[in-house]
Protein chains: 2
Amino acid sequence: MTPQLDTVFAALADPTRRAILAMLLEDDMAVTDVAEPFEMSLAAISKHLGVLTAAGLISQEKRGRVKWCKLEPDAMREASVWMQGFGQFEAINLDAFERFLENELDP
Amino acid sequence: MTPQLDTVFAALADPTRRAILAMLLEDDMAVTDVAEPFEMSLAAISKHLGVLTAAGLISQEKRGRVKWCKLEPDAMREASVWMQGFGQFEAINLDAFERFLENELDP
DNA sequence: CCGTTATTCAACCATTTGGTTGACGTTTCG
DNA sequence: CGAAACGTCAACCAAATGGTTGAATAACGG
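Here goes a summary of the coordinates provided.

What counts and what doesn't
Residues numbered from 1 in each chain as written. Chains lettered and ligands numbered in written order. Predicted model: local features only at pLDDT ≥ 70, side-chain atom pairs only at ≥ 80, totals over all residues. Heavy atoms only, no water. Helix = DSSP H or I, 4+ residues; strand = E, 2+ residues; numbered from the N terminus. Buried < 20%, exposed > 50% of the residue type's maximum accessible area, 1.4 Å probe, protein only. Contact = heavy atoms within 4.5 Å. Areas by Shrake-Rupley, 256 points an atom, 1.4 Å probe, with all protein chains shown as cover. Salt bridge = Lys/Arg side-chain N within 4 Å of Asp/Glu carboxyl O. Pairing = 2+ DSSP bridges. Axes fitted to C-alpha atoms, helices over the stretch in contact; angles between N-to-C directions. Near = heavy atom within 4 Å. Polar contact = N/O pair within 3.5 Å; in protein donor to acceptor, adjacent residues only side chain to side chain. Nonpolar A, V, L, I, M, F, W, Y, C, P; charged D, E, K, R; others polar.

### Notes on the overall build of chain A
Consideration 1: Of regular secondary structure, chain A possesses six helices and three strands.
Consideration 2: Taken over 107 residues, chain A has a buried fraction of 44%.
Consideration 3: Contacts spanning at least 24 positions in sequence make up 49% of the contacts within chain A whose residues lie at least 6 apart.
Consideration 4: Accessible surface, chain A as shown: approximately 5800 Å² in total, 50% of it carbon and sulfur.

In structure tokens:
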């Protein structure tokens, strides 16, 4: 029903992928540089980046032989909104809350 | 490094489990009643509830022959905080947000 | 042109996940 | 007591996940 939430939460469930996202928070990076701190093959990191891209959490742009990875923080919004319904905003009408956010965040 | 985040996000990645959490937002429920709307065996739902319990997202208490499931919204906090680090809410119009909250919380 | 760097692809493997079924232990109730 | 309701357990299965290696593709640089 909301496959977007499926892929976003699944992507966030892996510690390697969360670490990658945290790295990209600092700056855009090439695939090789993303892989450097991990004790894991480059191919494995490439797969993780594919999962993050499929979830919309990052984007990848190839310039020359280097593929740059860029954080896409907006992709977390839907998931974050979903979660807010359970925390400090427990009493909120969730549908109204989502409508509010859409109005606020989408021009 | 943060196994809590692993289990919480993994638990949230399944649409059946998210639906269960949404149901429990309304009220505490017995396992059988949780299972009722799903086209799935009771055993499968029981497993899902086990995953949610392991993640700390719900608690289960047996009274008589009925096991009551209760939402534990605090468990989402760590994950929510982690996500806030990516700044997805920075574009919100805070004044409008306050007005929204007042309207929602004061009936 | 040739070697090197950057990245993915393909095949493979072990483990986990999400589901099934049937048997099993408890608690309630007529 | 005996039957029904509540829920889990165990064994099984198919598919997805996270990793490996080795070959393949593409772009630079001397």
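The structure having been displayed, the exposition proceeds.
### A closer look at the pattern of salt bridges
All names here are of chain B.
Consideration 1: Throughout the structure, instances matching the rule amount to six salt bridges over all chains.
Consideration 2: The salt bridge involving Arg63 is made with Glu61; its shortest N-O contact spans 3.1 Å.
Consideration 3: For Asp74, the salt bridge is made with Arg77, and the minimal N-O distance between the two is 3.7 Å.

### Brief notes about the sheet that holds strand E3 (residues 66–71) of chain B
Residue and element names in this part refer to chain B.
Consideration 1: Here three strands make up an open sheet; going across it, the order is E1-E3-E2 and the pairing antiparallel. A single partner strand is all that each edge strand has here, and the edge strands are strand E1 (29–30) and strand E2 (58–63).
Consideration 2: Of the strand pairs in this sheet, E2 and E3 are connected by six bridges, and their pairing is antiparallel. Bridged to Glu61 within E3 is Trp68.
Consideration 3: Relative to E2, helix H4 (residues 42–54) is tilted by about 120°, and along the sheet it contacts E2 and E3.

### Remarks on the protein's contact with DNA strand C
Consideration 1: Around DNA strand C, 21 residues are found, and the nearest of them are A:Thr32, A:Ser46, A:Lys67, B:Lys47 and B:His48.
Consideration 2: At a separation of 3.1 Å, a phosphate oxygen of DNA strand C approaches a polar side-chain atom of B:Arg17.
Consideration 3: Here a phosphate oxygen of DNA strand C and a side-chain polar atom of B:Ser41 are 2.8 Å apart.
Consideration 4: Elements with a contribution of two residues or more to the surface near DNA strand C: helix H3 (31–35), helix H4 (42–54) and strand E3 (66–71) of chain A together with H4 of chain B.
Consideration 5: Its residues assigned to classes, the surface near DNA strand C shows eight nonpolar, six polar and seven charged.

### Some thoughts on the environment of B:Ala54
Residue and element names in this part refer to chain B.
Consideration 1: By secondary structure assignment, the location of Ala54 is in helix H4.
Consideration 2: Take Ala54: its relative accessible area is 66%, and that puts it in the exposed class.
Consideration 3: Along the backbone, Ala54 and Gln4 are 50 residues apart, and their C-alpha atoms lie at a distance of 9.6 Å.

Geometric values such as these leave the question of function open.
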